[in-house]
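# Architecture at a glance
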Amino acid sequence: MGVIIFTQDDSKYLLSNHVIMYKNIDMSISHPDVTYILRTDKFTEADAISWIPYINNRLIVTIDKLPKLTKKSEDFVLVDGNYTKGKTNFAPITSLLRWQHRGRVYHTIQQLPIPLIISFLKNNVDDIEFWRTLNKTGMDLPDMYTYAIMSYYIHPKNNTQVNWPKKKKKEEATVDGFRSSDKHIQEIQLGLKKEKKEMSGWV
């Protein structure tokens, strides 16, 4: 008997000899030297119990929401990663950049707001034609067109690394007419503070 592993990110399992299925198990999963990966939105403990007799290696269930698990399956079910309640699920970002089944990606990414997705794409997609096409949708077309461009214009790579958006440094308040990046801004601010302090002293 093999094992069933629930995860939100199956990238590390793609390095071995593997087969990917979408939504449902549609083939024999009994080969002892093959890792079977099921990318789905529903796979219950009952499903795990019914399929485990046929698994001789491992079945990776890539799913956003972890099903309720009990002691009935603790001998053959593992959970890889943290399924935290109440936090944004970033698994659709991984699917957008890695999954080959773009129709499924189109439906998956719609659970995330467009600005959040774009913040990830800025650090992961450098295709100028993609950005030009995305820019043409602007604010004039419904969101469905933006999601479609993201899904079908991005070329997925199975083992690509997902780069997270970088946090912007909090800019200090600057003097009117100057930018925080100006070469001598620190000297200018220091001089103004000193002048203000001296004036306060005289008053």
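For the structure, see preceding data.
Residues numbered from 1 in each chain as written. Predicted model: local features only at pLDDT ≥ 70, side-chain atom pairs only at ≥ 80, totals over all residues. Heavy atoms only, no water.

Let's shift gears to unusual backbone geometry. Look at Lys23: it is not a glycine, yet its phi comes out positive at around 70°. You can see Lys23 is positioned in the loop between β2 (18-22) and β3 (35-39). (Helix = DSSP H or I, 4+ residues; strand = E, 2+ residues; numbered from the N terminus.)

Let us look at the pairing of strand β1 (residues 3-7). Burial within β1 is extensive, with four of its five residues counted as buried. Bridging between β1 and strand β4 (residues 58-62) involves five bridges; their strand directions are parallel. Looking across to β4, one finds that Phe6 is bridged to Val61. Sheet analysis places β1 next to strand β5 (residues 77-80), joined by four bridges and oriented parallel. By the bridge assignment for β5, Phe6 is matched with Val79. (Buried < 20%, exposed > 50% of the residue type's maximum accessible area, 1.4 Å probe, protein only. Pairing = 2+ DSSP bridges.)

Here we have five strands laid out as an open sheet, ordered β2-β3-β4-β1-β5, and parallel in their pairing. Each edge of the open sheet carries a strand with a single partner, namely β2 and β5. Strand-to-strand twist across the sheet, computed as the mean angle between neighbouring axes with direction ignored, equals 20°. (Axes fitted to C-alpha atoms, helices over the stretch in contact; angles between N-to-C directions.)

What follows concerns the environment of Thr137. Structurally, Thr137 can be placed in helix α5 (residues 128-137). With a relative accessible area of 5%, Thr137 lands in the buried category. Put simply, Thr137 and Ile149 are twelve residues apart on the chain and 8.9 Å apart in space, counted from C-alpha to C-alpha. In this structure the side chain of Thr137 is engaged in a polar contact, spanning 2.6 Å, whose partner is the backbone oxygen of Leu134. (Polar contact = N/O pair within 3.5 Å; in protein donor to acceptor, adjacent residues only side chain to side chain.)

Treat this as a map of the structure, not an account of what it does.
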